[in-house]
Amino acid sequence: FADGLADEVFVALGRVPGLEMRSRNGARAYRGQLSVDPAEVGRKLKVDYIVTGVMREAGGQWILSTELTRTANADELWAETYHRSLEQQIGVAEEIGAAAAAALRKRFPGTLGTAPPLAPSQRTRNTEAFRAYVLGQDRLIRRGQSVKESADYFREAIRLDSSYAGAYAGLS
């Protein structure tokens, strides 16, 4: 689930005009690591900033801690902890992307635009469809046999919400 959500944050950040994103594949090498050396990541991926996060479940809620770090000196520019029930997970990736972009805008005024709002068909209000979609994204990342599983999850999301464009895009 966390990998799918990480991809959603990447997509949300990628929608910010003026923000240059690197390939998701390079960042995937660091998934699952509880701590990373920002300078090393910056050198290897040729990036100036990284967004990291840790997701855990406690007391029936997801707790997602995120931070935006400058790779050159490990300065933390922004950090936030989100407490959400599964029903509240919808839209949290957009929220994280917007908050990280706002921190960069504050640091570099006039350099970044604001991401256009998503069309209603691009997101869903159905929590089970969202869960299936994120699990599909998670399996898609893993490649191999997991790609077939991802298609099953995307089909399930479509079955639950036939107007969910993100699920159709995942299936394609």
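These figures come from a predicted structure and were not determined experimentally. (Residues numbered from 1 in each chain as written. Predicted model: local features only at pLDDT ≥ 70, side-chain atom pairs only at ≥ 80, totals over all residues. Heavy atoms only, no water.)

A. The overall build of the chain, seen in detail. Within the chain, the regular secondary structure consists of seven helices and three strands. Shown N-terminal to C-terminal, the secondary structure of the chain runs as helices and strands in the order α-α-α-β-β-β-α-α-α-α. Looking at the chain as a whole, 37% of its 172 residues are labelled buried. Partitioning the intrachain contacts of the chain with sequence separation of at least 6 by distance along the chain shows that 52% fall at a separation of at least 24. Working note: accessible area of the chain is about 9600 Å², and carbon and sulfur atoms make up 50% of it. (Helix = DSSP H or I, 4+ residues; strand = E, 2+ residues; numbered from the N terminus. Buried < 20%, exposed > 50% of the residue type's maximum accessible area, 1.4 Å probe, protein only. Contact = heavy atoms within 4.5 Å. Areas by Shrake-Rupley, 256 points an atom, 1.4 Å probe, with all protein chains shown as cover.)

B. Summary view of the nonpolar core. Of all hydrophobic cores here, the largest spans 14 residues; its most connected members are Leu5, Leu64, Trp78, Tyr82 and Ile96. Mapped onto this core, the elements with two or more residues apiece are helix H1 (2–14), strand S2 (61–70), strand S3 (76–84) and helix H4 (92–107). Ranked by residue count, the leading element in this core is H4, at six residues. The next biggest cluster of nonpolar side chains, apart from the first, holds ten residues, and it includes Val134, Ile158, Tyr164 and Ala167. (Core = buried A, V, L, I, M, F, W, Y, C linked by side-chain atoms within 4.5 Å.)

C. Quick peek at the confidence of the model for the chain. Predicted confidence across the chain gives a mean pLDDT of 79, with 86% of residues reaching 70 or more. Within the chain, H1 has the poorest average pLDDT of any element, 72, and helix H3 (residues 38–45) the best, 89. (pLDDT = per-residue confidence, 0-100.)

D. Quick look at the sheet that holds strand S1 (residues 49–58). Taking strand neighbours across the sheet as the criterion, the three strands line up as S1-S2-S3 in an open arrangement whose pairing is antiparallel. Looking at the sheet topology across the chains shown, the edges are occupied by S1 and S3. Neighbour-to-neighbour, the strand axes of this sheet turn through a mean angle of 10 degrees, independent of strand direction. Where S1 meets S2, ten bridges bridge the pair, whose relative direction is antiparallel. Note that in S2 the partner of Thr52 across the bridge is Glu67. Packed onto the sheet, H4 meets S1, S2 and S3 and runs at close to 160 degrees relative to S3. (Pairing = 2+ DSSP bridges. Axes fitted to C-alpha atoms, helices over the stretch in contact; angles between N-to-C directions.)

E. Looking closely at the packing of aromatic side chains. With the rule as written, the count across this model stands at two aromatic pairs. Judged by centre distance (5.8 Å) and plane angle (50 degrees), the rings of Tyr133 and Phe154 are tilted. Of the two residues, Tyr133 is situated in helix H5 (residues 127–142) and Phe154 in helix H6 (residues 146–160); the sequence distance between them amounts to 21 residues. Overall, Phe154 belongs to the buried group, its relative accessible area being 0%. With centroids separated by 5.2 Å and ring planes inclined at 50 degrees, the aromatic side chains of Tyr133 and Tyr164 adopt a geometry described as tilted. Of this pair, Tyr133 sits in helix H5 while Tyr164 sits in the loop between H6 and helix H7 (165–171); the two residues are 31 residues apart in sequence, bridging distant segments of the chain. (Phe/Tyr/Trp six-rings, centres within 6.5 Å; stacked < 30°, edge-to-face > 60°.)

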